[in-house]
Amino acid sequence: MAEGKPFDELWGTSRTRTARPGFEPLARWLAETPPAELARRQQAAEAAFRSLGITFSVYGEEQEAERIIPFDIVPRVFSAGEWEKLSAGLEQRVRAINAFIADVYGPRRILADGVVPADIVLANPQYCIPVAGARPPHGVYAHICGIDLIRTGPDEFYVLEDNVRTPSGVSYMIENRDAMLRLCPELFDILPVRPVDSYPELLRETLYSVAPEGASEPRCVLLTPGHHNSAFYEHSFLADNMGIELVEGRDLEVDDDIVWMKTIDGRVRVDVIYRRIDDSFLDPLVFRRDSLLGVNGLMAAYLAGNVSLVNAPGTGIADDKAICSYMPEIVRYYTGEEAKLANVETWRCRDPKALRHTLDNLDKLVVKLVDGSGGYGMLVGPTASKKEIERFRDALKAQPERYIAQPTLPLSTVPTQSEEGMAPRHVDFRPFVLTGANGVTIVPGGLTRVALRKGSLVVNSSQGGGTKDSFVLAAEPEAAASGTGLRP
Amino acid sequence: MLARTAASLYWIGRLMERAEFTTRLTEATIRLAALGGHAHVEQAWSSALSVVGAPPLDTGREGYVARRFLALSPDNPGSIRSCIVAARDNARAARTALTREGWEAINRAWLVVHSRTSPGGVQATLNLAEELKAELRGFEGALARMLRNEGYWFMRLGSMIERGDATARLLDVKYYLLLPEGQEVGGKLDRDQWTTILQIVSAKTAYRHLYREALRPWLVADMLIFRRELPRSLAWAAEETVALLGEFGARSGRQGPADRLARQRLSKLQELDVGAVFKRGLHQWLHAYIRDNNAIGDSIAAQFRFG
């Protein structure tokens, strides 16, 4: 892994400001566009997001506090070759994830063969006992995966985490592109950018492809926790762009293992539910009894095969961070190939040796809860206070199995507008991988998150992160020109 | 369409209409108050408060308390701000049934008021009203460009029910000014009051076009109740309600109690004229009208399963 100066995705590691091969047009654009003009466009983009209400709320703040995620106008660019390698790795990984989930809820071969320890799976709070032995329609569990990647060099990509429960952020991919097309149209003349706006249509096809067999004209809905949820904008955006109903738990009822939604014309049968609420809130009769977001009897309808849930309940077992660390073995086990995407090196603190290493190096490591997300429950050793480190030391000793540790990697940087002018800021990347009855699809793009604070490695929106558009370039310039030519 | 979404859209229609009406009421009352002395100011604001069914309160210097109550008070569920906040809440929940433009219009109105707590001086309130009117017109424009389907019909139904209520209340509060047919408007004060009413329903010029004569109370009543050319008249709202419900019926092939009630109300209105209403007693007649209007609102909710 690279030491010292982090890899910059535009300038590489050159000190002379020479763009990496293929990225010269972006460098020229940056040099030729006056900083004040870039700042103006960025403000225009943020004003548009505010007026659209693309906001998120930070848990723990007042309910009224709606913020927009800061947007940076300098895009992050992948060459065609980089994307080809990445997407092959993503497809392989997601196939393995689905095979793994099907296995651990089915024959459990991988546990019997000792590739992954049985207790880490079966004793895991994410292991969803009610669906053990059940098979979802078409055998797909993780229909939508958001794989968080980081980069440390030209060819060095690592998976940081797999989000296979209800990953969010895809609306930013589309809205950021919309803003870029409007505000920086000249960029699309000089770079052959592949479009991302087919995502809702592809998602729609994925959803309909996994409808229970026998549903002649299947009806699909998106189930949201409601408009106070921080990702509600995305829920409504996707439902709208797919032309499906956006429902809350109270709009649905289950009768005789069949799911109905309450409409102005009476009850209408529902066949596929793209749910954006967690497993534990899905059905008060099976999971949390205090859930006001779910639907009584939904799991019974699912287990009877009368409704498809997307993603299927129980997928959380595959994004547990301790299990994630076995992914190279898991990929090899199910695909017979070596994993094309490496994991970030991970110490599982349940293992006494790893725990000792972690405790000895707390000031250098990132420590995470195995089931945490959103940057919560996380220690970033190099920037943490002594007090925080001691708090984590105690927590680790008390429940080591709840934690993993990873090195603090020199995340790649991308030029970003900042108070000190154009400056490198660390980024990560979340592409979205769709799996339907007919295979895997990946839209050429994703969500790039950027840590706006100088030197910061934390990209989470709840902790001062922003977003950027992510350009994937076409191999043939002509191909992309036709893709963007229709846009205003 | 989800019954919950229908409820949200119907309420967006009602709340945005109410916000607009209260904006005009506030604006017109400021103008009216500016025409007289201290006692006159007090009376103008008290009258405005009773139009929205508020309990009497000390209206304050330059009507500050009343202006704040009408425009911004979070304790008044009918204040312009409360209406817009609630409309936006509904719009978020029913986001998929709105166009982007429709949502943006509501959101922009919300951005104008959501963090305002003081109406400032009279001029500041007028400026606020002007800004709000522009945003609310934006919403109407966005609505006009929407696909004509259930979403549009529910919002329009909400605004028609609200409009019937508001116009009837406005007339009712000013009914003591409505002299018997044949009498001229007395004094300057009366004329100012009449002008105010017309401003609230944005019909000052319309009156001249329709009647081509000086302000006569029974003609103002005639216009606000019976003239279907005026979009804020009871006749227009009643006719629109029937037509909108008819759209649902044409789509589903079914009708319900709301259709019947709305048609009955319209035909009763068509059989009357302003003389008959005065004979019966305008106050009593308006009260019955408001009651019927509420009943139609309730039966719309029941018919579309969101009651």
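Residues numbered from 1 in each chain as written. Chains lettered and ligands numbered in written order. Predicted model: local features only at pLDDT ≥ 70, side-chain atom pairs only at ≥ 80, totals over all residues.

A. Just the overall build of chain A, in detail. Along chain A, the regular secondary structure elements total 16 helices and 23 strands. Over its C-alpha atoms chain A spans a radius of gyration of 23 Å, differing by no more than 12% from the 23 Å that the globule rule assigns to 488 residues. Overall size of chain A, expressed as C-alpha extent along the three principal axes, is 70 × 60 × 50 Å. By the burial criterion, 46% of the 488 residues in chain A qualify as buried. The long-range share in chain A, meaning contacts at least 24 apart out of those at least 6 apart in sequence, stands at 69%. (Helix = DSSP H or I, 4+ residues; strand = E, 2+ residues; numbered from the N terminus. Rg over C-alpha atoms; globule rule 2.2 N^0.38 Å. Buried ≥ 20, exposed ≤ 12 C-beta atoms within 10 Å, placed from the backbone. Contact = placed C-beta atoms within 7 Å.)

B. A look at the domain arrangement of chain B. Residue and element names in this part refer to chain B. Structurally, chain B comprises domain 1 (1-146) and domain 2 (148-307). Relative placement of domain 1 and domain 2: their C-alpha centres are 20 Å apart. Domain 1 puts 27 residues into the contact, and the matching count from domain 2 is 24 residues. Counting residues per element, the ones that place at least two in the side of domain 1 that touches domain 2 are α1 (3-33) and α2 (38-51). Among the elements that line the side of domain 1 that touches domain 2, the one with the most residues is α1, at 19 residues. Grouping the constituent residues of the side of domain 1 that touches domain 2 by class yields 18 nonpolar, 3 polar and 6 charged. (Domains from an automatic or database assignment. Nonpolar A, V, L, I, M, F, W, Y, C, P; charged D, E, K, R; others polar.)

C. Representation of the interface of chain A and chain B. Counting residues at the interface gives 18 residues for chain A, matched by 17 residues for chain B. Looking at the side of chain A that touches chain B, the elements with two or more residues in it are α2 (35-52), α9 (232-242), β7 (245-247) and β9 (258-263) of chain A. Considering every element that reaches the side of chain A that touches chain B, the biggest residue donor is α9(A), with 4 residues. For the side of chain A that touches chain B, a count of residues per class yields 7 nonpolar, 5 polar and 6 charged.

D. Representation of the sheet that holds strand β8 (residues 252-255) of chain A within the structure. All names here are of chain A. Pairing in this open sheet of 3 strands is antiparallel, and the strands run β8-β9-β10 from one edge to the other. Whereas interior strands pair on both sides, the edge strands pair on one side only; in this sheet they are β8 and β10 (266-269). Put simply, the sheet's adjacent strands are angled 40° from each other on average, direction ignored. In the sheet, β9 pairs with β10 via 4 bridges, with the strands oriented antiparallel. Within β10, the residue paired with Met-261 across the bridge is Val-268. (Pairing = 2+ DSSP bridges. Axes fitted to C-alpha atoms, helices over the stretch in contact; angles between N-to-C directions.)

E. Spatial organisation of the pairing of strand β11 (residues 272-275) of chain A. Residues and elements named next belong to chain A. Residues Val-272 and Tyr-274 line one face of β11 and the alternating positions Ile-273 and Arg-275 line the opposite face, and both faces are buried. Looking at chain direction, strand β6 (residues 220-223) and β11 are connected through 4 bridges and run parallel. Pairing of Val-221 across the sheet is with Ile-273, part of β11. Summarising the sheet, β11 and strand β12 (residues 308-310) pair through 3 bridges and their orientation is parallel. Across the sheet, Ile-273 pairs through a bridge with Leu-309, a residue of β12.

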